[in-house]
Amino acid sequence: MKTTQTGTLLAAVIASGLMAGLFAAFAYSVMPGLRGTSDHTFVATMQGINKAILNPVFMLPFVGTIPLIALTVFLARRGHGRPALPWLVAALVLYLVAFAVTVAANVPLNDQLERAGAPDSIGDLAAVRERFEAAWVAWNIVRALLHTAAFACLAWALVLYGADRVRTDRAAASTSGSSPAYGYGAGHERPFTAGAHST
């Protein structure tokens, strides 16, 4: 059970980190880089990105992180790493809100941009860009912050979970009478070795 929980939590941290990094990169790199381009270049680039990003490499962590975090919450509630539970719940809520922002705000804007048609056939590229850019950038910043917060909660939950595992293992070793440091059970003498002298 511990191995499953550890693996699930690590996977959730990595997947959420990938999403936080992706949307943050759009916020501080991609969109500022496109800001000074022509309307034709901007529309063509964003249409191309919106098509290219719909692939398994993106969709798997984007959607799959939700059941991963939900599973970590379930496992923590069963008593393994309970100190991490509030942070896991917070991460799940934050990720779900960020997911909802993408579905309710950014995706409709992407669809609107696609329906405008190929850049060469659009009569007023400036108007199409104006209806898209400012709103998309704003909502992307919102989801980037939410995803980053979810990632931070998961990372801290991993720290708390690790500390709890160490504490639990030490307590179990103490209860069983074994010494983790030396491997001798309680009540057992140190094995006799030739030349050993008592003092």
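Criteria and thresholds
Residues numbered from 1 in each chain as written. Predicted model: local features only at pLDDT ≥ 70, side-chain atom pairs only at ≥ 80, totals over all residues. Heavy atoms only, no water. Helix = DSSP H or I, 4+ residues; strand = E, 2+ residues; numbered from the N terminus. Buried < 20%, exposed > 50% of the residue type's maximum accessible area, 1.4 Å probe, protein only. Contact = heavy atoms within 4.5 Å. Axes fitted to C-alpha atoms, helices over the stretch in contact; angles between N-to-C directions. Parallel < 35°, antiparallel > 145°, perpendicular 65-115°, else oblique. Left-handed = near helix turned anticlockwise from the far one by under 90°. Nonpolar A, V, L, I, M, F, W, Y, C, P; charged D, E, K, R; others polar. Phe/Tyr/Trp six-rings, centres within 6.5 Å; stacked < 30°, edge-to-face > 60°. Core = buried A, V, L, I, M, F, W, Y, C linked by side-chain atoms within 4.5 Å.

**Student:** Would you take a moment to explain the environment of Leu96 for this structure?
**Tutor:** Mapped onto the elements, Leu96 comes out in helix 4 (residues 85–115). Of the residues examined, Leu96 reaches a relative accessible area of 39% and is grouped as partly exposed. Between the C-alpha atoms of Leu96 and His147, which are 51 residues apart in sequence, the distance is 9.2 Å.

**Student:** Help me out: how do you make sense of the side chain of Thr72 in this one?
**Tutor:** Note that Thr72 resides in helix 3 (residues 56–77). Non-local contacts of Thr72, meaning those with residues more than four positions away in its chain, are made with Thr8, Leu9, Ala12 and Leu88.

**Student:** What exactly am I supposed to notice about the packing of helix 2 (residues 39–52) against helix 4 here?
**Tutor:** As a packed pair, helix 2 and helix 4 sit with axes 10 Å apart at the nearest point and diverge in direction by 120 degrees. Of the possible angle classes, the one that applies to helix 2 and helix 4 is oblique. In this structure, helix 2 meets helix 4 at a crossing whose hand is left-handed. Residues Val43, Met46, Gln47, Asn50 and Lys51 of helix 2 form the contact with helix 4, whose own contacting residues are Asn110, Leu113 and Glu114. Of the residues belonging to the contact of helix 2 with helix 4, the class tally is three nonpolar, three polar and two charged.

**Student:** Help me understand the packing of aromatic side chains in this model?
**Tutor:** Aromatic rings considered in pairs are described by the distance between their centres and by the relative angle of their planes. This model, assessed by the stated rule, comprises six aromatic pairs. Ring centres of Phe26 and Trp136 lie 5.6 Å apart, and the angle between their planes is 65 degrees; this geometry places the pair in the edge-to-face category. Placement of the pair is Phe26 in helix 1 (residues 2–35) and Trp136 in helix 5 (residues 125–176), with a sequence separation of 110 residues. The pair Phe26 / Trp136 is uniform in exposure class, with both members buried. The interplanar angle of 20 degrees and the centroid separation of 5.0 Å between the aromatic rings of Phe58 and Phe62 together place this pair among those described as stacked. Of the two residues, Phe58 and Phe62 are both situated in helix 3; the distance of four residues between them amounts to about one turn of the helix.

**Student:** Would you mind showing me how to read the environment of Met31 here?
**Tutor:** For Met31, the position within the fold is in helix 1. Linking Met31 and Val137, residues 106 residues apart in sequence, is a C-alpha distance of 7.1 Å.

**Student:** Explain the nonpolar core to me, please; I cannot follow it from the model alone.
**Tutor:** Within soluble globular proteins, side chains that are nonpolar tend to cluster in buried spots. Formed by 23 residues in total, the largest nonpolar core has its most connected members in Ile69, Leu88, Tyr95 and Leu154. Elements with a minimum of two residues in this core: helix 1, helix 3, helix 4 and helix 5. When sequence neighbours within four positions are dropped, the list of residues in contact with Tyr95 reads Ser16, Met19, Pro61, Phe62, Thr65, Ile66, Ile69, His147 and Ala150.

**Student:** For this particular structure, what's the right way to read the packing of helix 1 against helix 5?
**Tutor:** At a minimum axis separation of 8 Å, helix 1 and helix 5 run at an interaxial angle of 155 degrees. Taken together, helix 1 and helix 5 sit at an angle that is classed as roughly antiparallel. Judged by the sense of rotation from one axis to the other, the crossing of helix 1 with helix 5 is left-handed. Partitioned by chemical class, the residues of the contact of helix 1 with helix 5 number 22 nonpolar, eight polar and seven charged.

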